[in-house]
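Each chain is listed here by its residues.
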Amino acid sequence: MPTRIPYGGGSAAAYRPLAAELGERARVLGAELPGHDPARPLDALLPIEETAARLAAELTATGPGPVLVLGHSAGAALATELALRLERAGAPVLGLVVGAKLPVRGPDEPPPAEVSDAEYVADLRADGGLPADADDTLLTTVVRALRHDAGQARRWFDAEPPAAEARLRAPLLCVVGEDDPGTAGHAGRHHEWARYAERVELAVLPGAGHYFVKYQAAAVAGLLTGRLPGPLTN
């Protein structure tokens with residue numbers, strides 16, 4: 001069962017195309033993060049550790065079966081923390097899929113605090129991360145959440161990684177878009193994920209940009225199918 005963590009500033013709705021492509025091959029759960037819904041703009045934004053603890057508690061309490069954890073962009077940090085917590089709790093983790101993200105800061109990557117709101121909006125529009133009819137309420141919510149998510153992810157990745165024996169035992173798949181500048185140098189840098197998992201693999205989506213979970217959902221579903229236990233029987 002894939003459990004999906006949205007990209008920075010985003011919501012679980014971003015994974016609807018992927019859920020549709022997976023169909024009955026898996027039960028799909030999406031994490032709707034506090035403070036990311038324009039209908040509830042005053043909800044508190046939470047640290048990664050608190051959010052992961054809540055999600056892990058919900059998943060272990062409901063016992064949904066083997067879990068494949070997905071996280072995209074800034075959401076990759078939360079997804080990694082969640083997968084580590086689930087595995088420590090003895091939950092069956094099929095694997096971790098991290099999209100459009102490398103954990104070590106690139107030489108040209110500015111700190112989130114140095115990126116203006118206008119730059120965030122311009123980048124989101126250019127990369128297809130915003131709907132064409134986004135209103136001011138949505139823009140305000142998305143930028144607030146994105147700034148928070150990016151800062152939290154950077155703090156988490158900059159912290160000391162787990163000891164070698166505490167790394168994820170389930171395989172980690174790093175998925176990048178061939179044309180995504182945010183993961184430039186992925187051929188030599190995807191091994192940076194070995195800080196968090198014993199087994200690291202790389203998949204490159206030809207012609208894909210940053211938000212491939214929305215625009216190349218069929219290709220992503222194809223990558224996940226072989227990591228799922230089989231079609232649902234209920």
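Residues numbered from 1 in each chain as written. Predicted model: local features only at pLDDT ≥ 70, side-chain atom pairs only at ≥ 80, totals over all residues. Heavy atoms only, no water.

1. Description of the packing of helix 3 (residues 75-88) against helix 5 (residues 136-158)
Put simply, the rule reads: With axes taken as lines fitted to C-alpha atoms, and helix axes fitted only over the stretch in contact, angles between N-to-C directions fall between 0 and 180 degrees. Under the scheme used here, helices are H or I runs from DSSP no shorter than 4 residues and strands are E runs no shorter than 2 residues, and both carry numbers assigned from the N terminus. The scheme is simple: roughly parallel for angles under 35 degrees, roughly antiparallel for over 145, roughly perpendicular for 65 to 115, oblique for anything else. Any two residues having at least one pair of non-hydrogen atoms within 4.5 Å are treated as being in contact. Note that Gly is not counted as nonpolar here; it falls among the polar residues with everything else outside the nonpolar set of Ala, Val, Leu, Ile, Met, Phe, Trp, Tyr, Cys and Pro and the charged set of Asp, Glu, Lys and Arg.
Running from N to C, helix 3 and helix 5 point in directions that differ by 50°, and their axes come no closer than 8 Å. Between helix 3 and helix 5, the crossing angle belongs to the class labelled oblique. Along the contact surface, helix 3 presents Ala 76, Ala 77, Thr 80, Glu 81 and Leu 84, while helix 5 presents Ala 153, Trp 156 and Phe 157. A class-by-class count of the residues in the contact of helix 3 with helix 5 yields 6 nonpolar, 1 polar and 1 charged.

2. Topic: the pattern of salt bridges
As a reminder of what qualifies: Salt bridge, as used here, is a side-chain nitrogen of Lys or Arg placed within 4 Å of a carboxyl oxygen of Asp or Glu. Relative accessible area decides the class of each residue, using a 1.4 Å probe on protein chains only: under 20% of the type maximum gives buried, over 50% gives exposed, and in between gives partly exposed.
As enumerated under the stated definition, the model contains 11 salt bridges in all. For Asp 117, the salt bridge is made with Arg 147, and the minimal N-O distance between the two is 2.6 Å. Remark: Arg 147 occurs in helix 5 and Asp 117 occurs in helix 4 (residues 117-127); sequence separation between them is 30 residues. Linking Glu 192 and Arg 189 is a salt bridge whose minimum nitrogen-to-oxygen distance equals 2.9 Å. Residues Glu 192 and Arg 189 agree in their burial class; the two are buried.

3. Structural notes on the confidence of the model for the chain
Heads up, the rule is: The pLDDT score gives, residue by residue, the confidence of the prediction method on a 0 to 100 scale.
The pLDDT averaged across the chain works out to 87; a share of 88% of its residues lies at or above 70. The lowest-confidence element of the chain is strand 1 (residues 2-5), averaging 61 in pLDDT; the highest-confidence one is strand 5 (residues 172-177), averaging 97.

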